Amino acid sequence: MKIVKVQDIIGTEREVSDKQWTSRRLLLKEDGMGFSFHETIIKAGSEHTFWYKHHLEAVYCVAGNGRLKDLATGEVYEITDGTLYALDNHDKHTLYGGTEDMRLICAFNPPVTGQEVHDEDGAYLPDSSDN
Ligand code: 9YT
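Attention here is on the structure that accompanies the text. Since this is a predicted model, take the numbers as computed values, not measurements.

1. Quick word on the sheet that holds strand E4 (residues 47–50)
In step 1: Overall, antiparallel pairing links the four strands, which are arranged E4-E9-E6-E7 in an open sheet. Bordering the open sheet on either side are E4 and strand E7 (76–80), each of which pairs with just one other strand. Direction aside, neighbouring strands of the sheet carry axes that sit 20° apart on average.
In step 2: For E4 and strand E9 (residues 93–97), the ladder comprises four bridges, and the chain directions are antiparallel. Across the sheet, the residue bridging to Glu 47 is Tyr 96, located in E9.

2. Let's talk about the pairing of E9
In step 1: Counting buried residues in E9 gives five out of five residues, a clear majority hidden from the surface.
In step 2: Judged by which residues are buried, E9 turns out to be covered on both faces: His 93, Leu 95 and Gly 97 on one side and Thr 94 and Tyr 96 on the other are all buried.
In step 3: Alignment of strand E6 (residues 65–70) against E9, held across five bridges, turns out to be antiparallel. Bridge pairing links Arg 67 to Tyr 96 in E9.

Thresholds applied
Residues numbered from 1 in each chain as written. Predicted model: local features only at pLDDT ≥ 70, side-chain atom pairs only at ≥ 80, totals over all residues. Heavy atoms only, no water. Pairing = 2+ DSSP bridges. Helix = DSSP H or I, 4+ residues; strand = E, 2+ residues; numbered from the N terminus. Axes fitted to C-alpha atoms, helices over the stretch in contact; angles between N-to-C directions. Buried < 20%, exposed > 50% of the residue type's maximum accessible area, 1.4 Å probe, protein only.

Below, the structure is given as structure tokens:
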């Protein structure tokens, strides 16, 4: 059994951030669960385009607010505490921070290794060790 406390991740290499977002990786591929598990904070008023071409992702909002735009359809969804979105089709999307920082709990399949970098499309490249 493993117990992970987010406060023990803050300031370590499992916390990744820029000025507009912070992501804390509570579980990564090396933890052997078959998925990775993250807490992501999206700053109020910020904007992010992501396209996880090689991963499926489920995201559950537990605090704050924002909006999500499906870039294939142009549809925009309100995201608040209690809303989950599932990128079940590798959907390219833009996340807009709302009036308060948005706190999101995210799971990735396959798991993120922690070494990925966003490519020019906003995607993470697949884990080459799986090939
Ligand atoms: C909201 C969202 O897509 N979070 C993903 C996790 C983050 N990009 C990370 O940990 O790299």
